[in-house]
Structure formats: structure tokens, C-alpha cells
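Listed here are the chains, written in short residue letters.
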Amino acid sequence: MEGFWDLCRRFGGDEQGATAIEYGLIAGLIAIAVIGAMVSFGDSLSTMFNRVSSEAGGAMDAAGG
């Protein structure tokens, strides 16, 4: 049977969990940045997409499509 200290040594030497946690933290920070950008630029992006949509619709109507 494995001793407590052997188990601790083996657990401490395993770095796979640490890598997964690092990737999780990076993904979380990216998500926070994306959400912050959407909140900051949300109104201007909405206005821009509405304008593009109306301009494209007008162009399609003028072209007979």
C-alpha cells in the first residue's frame, strides 16, 4: 500500500491539472474582455449593423433583387 508522503509526492509532480487550470483562467479572462467590449461598444455596433442592413436592403431593392 502506498504511503501518504508517496501519494503527496506523486500528486505534487503531476502538472496536468495546473495546465488545465491555466487554460481555464486564460479562457475566462478572454470571455471577460469580450463581454466588456460588447458592453462598451454595444450601442455603436448595433447602430452600425442597422445602417449596413438598411443600406444593403436599399441596394437590393434598387437592383431589383
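Residues numbered from 1 in each chain as written. Predicted model: local features only at pLDDT ≥ 70, side-chain atom pairs only at ≥ 80, totals over all residues. Heavy atoms only, no water.

1. What to know about the overall build of the protein
(1) Moving on: The secondary structure content of the protein amounts to two helices and zero strands.
(2) Moving on: Looking at the protein as a whole, 0% of its 65 residues qualify as buried.
(3) Moving on: In the structure as shown, the protein presents an accessible area of about 5,900 Å², 67% of it carried by carbon and sulfur atoms. (Helix = DSSP H or I, 4+ residues; strand = E, 2+ residues; numbered from the N terminus. Buried < 20%, exposed > 50% of the residue type's maximum accessible area, 1.4 Å probe, protein only. Areas by Shrake-Rupley, 256 points an atom, 1.4 Å probe, with all protein chains shown as cover.)

2. Re a nonpolar patch on the surface
(1) Moving on: A cluster of nonpolar side chains, namely Tyr23, Ile26, Ile30, Val34 and Met38, defines an oily patch on the protein surface of about 530 Å² accessible area.
(2) Moving on: With relative accessibility at 40%, the residue Val34 sits in the partly exposed group. (Patch = residues over 30% accessible without salt bridge, like charges linked within 9 Å, V, L, I, M, F, W, Y side chains within 5 Å. Salt bridge = Lys/Arg side-chain N within 4 Å of Asp/Glu carboxyl O.)

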